[in-house]
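Structural overview for review
Single-letter residue listing:
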Amino acid sequence: MTPVLEIDGLVKHFGAGRGQAVHAVDGASLSIAPGEVLGLVGESGSGKSTVGRCILRLTDPTAGTIRLDDTDITHLSRRALRPLRRDVHIVFQDPYSSLNPRFSVGRIVGEPLRRHRVASGRELADRVAAMLERVGLAASLSRRYPHELSGGQRQRVGLARSLILEPKLVVADEPVSALDVSVQASVLNLMTDLQRDMGFSCLFITHDLSVVKYLADRIAVMYLGQIVETGPAAEIFASPQHPYTQALLSAAPVPDPVEQRERSRVVLGGDIPSPLDPPAGCRFHTRCPVAVERCRTEEPALVSRRDGGGPVACHLVTGADVPDLTAI
Ligand code: SF4
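1. Here's the deal with the overall build of the chain
When its secondary structure is counted, the chain shows ten helices and ten strands. Here the C-alpha radius of gyration of the chain, 21 Å, is about what a compact globule of 328 residues would show, namely 20 Å. For the chain, buried positions account for 49% of its 328 residues. Of the contacts formed within the chain by residues at least 6 apart in sequence, a portion of 63% connects residues at least 24 apart. When the accessible area of the chain is evaluated, it comes to approximately 15400 Å², of which 49% is carbon and sulfur surface. One way to put it: in the chain the 37 positive side-chain charges average out to a point 9 Å from where the 37 negative ones average out.

Here it is in structure tokens:
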């Protein structure tokens, strides 16, 4: 089956003056099948949002290829991209700044229908009303303005706008992290229901692994511009292999307070290094609790594990026994 999205060797460097470059993404490859949800997980500064922006061509990649439904969009002109934009939409992190405060909810949600000349007049109004109801909002809200809504309602409006054209792919960039904890679960449940009903593929970008536990089919973990582990979500949650994935997972909150108290925690030292000057060898070696000498000089490739599990970029996992950080 042709993937909805296929990225191969994506590189994005930003010039930072004086001959320096920010290595935001350095050789990331991934694909998403029709109807599949891929969780792209990593700390702030890992490059995951830049991957999302490259897919939407909000920024141009430095190298690599991006294919949407078998069309290479890496170097397409803005004009040539226009019809493809019907099929790919983004849900932003901050629902307030992503909605035009001068436009009514109805105008915001109906804008993609108008821009792509899909509907107008009564038909457009009916489709907006139906979409608002589908995201759990009353159709009467279409006359309101963003400042009159709660944070959760604004994010539902953002979802309605992203889904009204029934896109093939949705890039959701930290869609619940700006919301109150009490609202996060209801928006996540809504996204899960909508994805199952409408069948769109989704790249769900988040710093919090627990957010994608029930939503994602597969997970890709990113560290300092590179993907370090991928695999089925159930496999990653049951048996994370890369030391960074293990640390992320141990930091993710669990709903059961007893389990939360009793489980071991892998605490990473220091902050993620500057992407202006990524460490040599394994980029994670400056924070890895099980690093060995080889890690400082030799970059590990993302290769399949000996047991046939998802690919991991770690000398210890692919070359010998899996390190158990919780035993340290
Ligand atoms: Fe840690 Fe070395 Fe594996 Fe990198 S390659 S994650 S530094 S053990």
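2. Topic: the sheet that holds strand E5 (residues 71–72)
Backbone hydrogen bonds hold the strands of a sheet together, and the pairing may be parallel or antiparallel. Spatially, four strands are ordered E2-E1-E4-E5 in an open sheet, and the strand pairing comes out antiparallel. Unpaired on one side and paired on the other, strand E2 (21–32) and E5 mark the two borders of the sheet. Here strand E4 (residues 63–68) pairs with E5 via two bridges, running antiparallel. Bridging from a neighbouring strand, Arg 67 pairs with Asp 72 of E5.

3. Some points on the packing of helix H3 (residues 105–115) against helix H5 (residues 151–163)
Geometry of a packed helix pair, given as the angle between the helix axes and the separation of the axes. Direction vectors running N to C along H3 and H5 enclose 30°, while the axes themselves pass 7 Å from each other. Overall, the two elements H3 and H5 adopt an arrangement that is roughly parallel. Classified by chirality, the crossing of H5 by H3 is right-handed. Seen from H3, the contacting residues are Val 105, Ile 108, Val 109 and Pro 112; seen from H5, they are Val 157, Ala 160 and Arg 161.

4. Focus on the state of the cysteines
Scanning the entire structure with this criterion turns up zero disulfides. Lacking any disulfide linkage, Cys 54 is separated from the closest cysteine sulfur, that of Cys 202, by 18 Å.

5. Here we look at the environment of Gly 121
Residue placement: Gly 121 occurs in helix H4 (residues 121–134). By relative accessible area, which is 55% here, Gly 121 ends up exposed. Note: C-alpha distance between Gly 121 and Val 312 (191 residues apart in sequence) is 52 Å.

6. Some remarks on helix H8 (residues 243–251)
With eight of its nine residues buried, H8 lies for the most part within the structure. Residues Pro 243, Tyr 244, Thr 245, Gln 246, Ala 247, Leu 248, Leu 249 and Ser 250 constitute the buried set of H8.

7. What to know about the pairing of E4
Both strand E1 (residues 5–15) and E4 contribute to a ladder of five bridges, which runs antiparallel. Among the inter-strand pairings, Val 11 is bridged to a residue of E4, identified as Ala 63. Hairpin connection between E4 and E5: a loop of two residues separates the two successive antiparallel strands, and Asp 69 in this loop has a positive phi of roughly 50°.

Calculation criteria
Position numbers for residues count from 1 along each chain, tracking the sequence in the order it is written. It should be noted that, the model being predicted, local features are given only for residues of pLDDT at least 70 and side-chain atom pairs only at 80 or more, the latter also being counted only at that level, while totals for whole chains, interfaces and linings use all residues. The side-chain quantities take in all heavy atoms of the structure and omit both hydrogens and water. Comment: elements are numbered from the N terminus, with helices defined as DSSP H or I runs of at least four residues and strands as E runs of at least two. Just to be clear, the radius of gyration here is over C-alpha atoms, and the globule rule we use is 2.2 Å times residues to the power 0.38. Each residue is assigned to one of three classes by its accessible area relative to the maximum for its type, calculated with a 1.4 Å probe on protein chains only: buried under 20%, partly exposed between the two thresholds, exposed over 50%. For this analysis, residues touch if any pair of their heavy atoms sits within 4.5 Å. Only the protein chains shown count as cover for residues, with accessible areas throughout obtained via the Shrake-Rupley method and a probe of 1.4 Å. Charge convention: Lys and Arg are scored as positive, Asp and Glu as negative, and His as well as the terminal groups of each chain are ignored. Just so you know, the charge point we use is NZ for Lys, CZ for Arg, CG for Asp and CD for Glu. We call two strands paired when DSSP finds no fewer than two bridges between them. To get an axis, a line is fitted to the C-alpha atoms, and for a helix only the part in contact is used. The angle between two axes follows their N-to-C directions and goes from 0 to 180 degrees. Geometric relationships in this document are graded by angle, where less than 35 degrees denotes roughly parallel, more than 145 denotes roughly antiparallel, 65 to 115 denotes roughly perpendicular, and other angles denote oblique. Each helix crossing is assigned a hand: it is left-handed if the near helix lies turned anticlockwise from the far helix by less than a right angle, otherwise right-handed if that turn is clockwise. Throughout, a disulfide means two cysteine sulfur atoms within 2.5 Å of one another.

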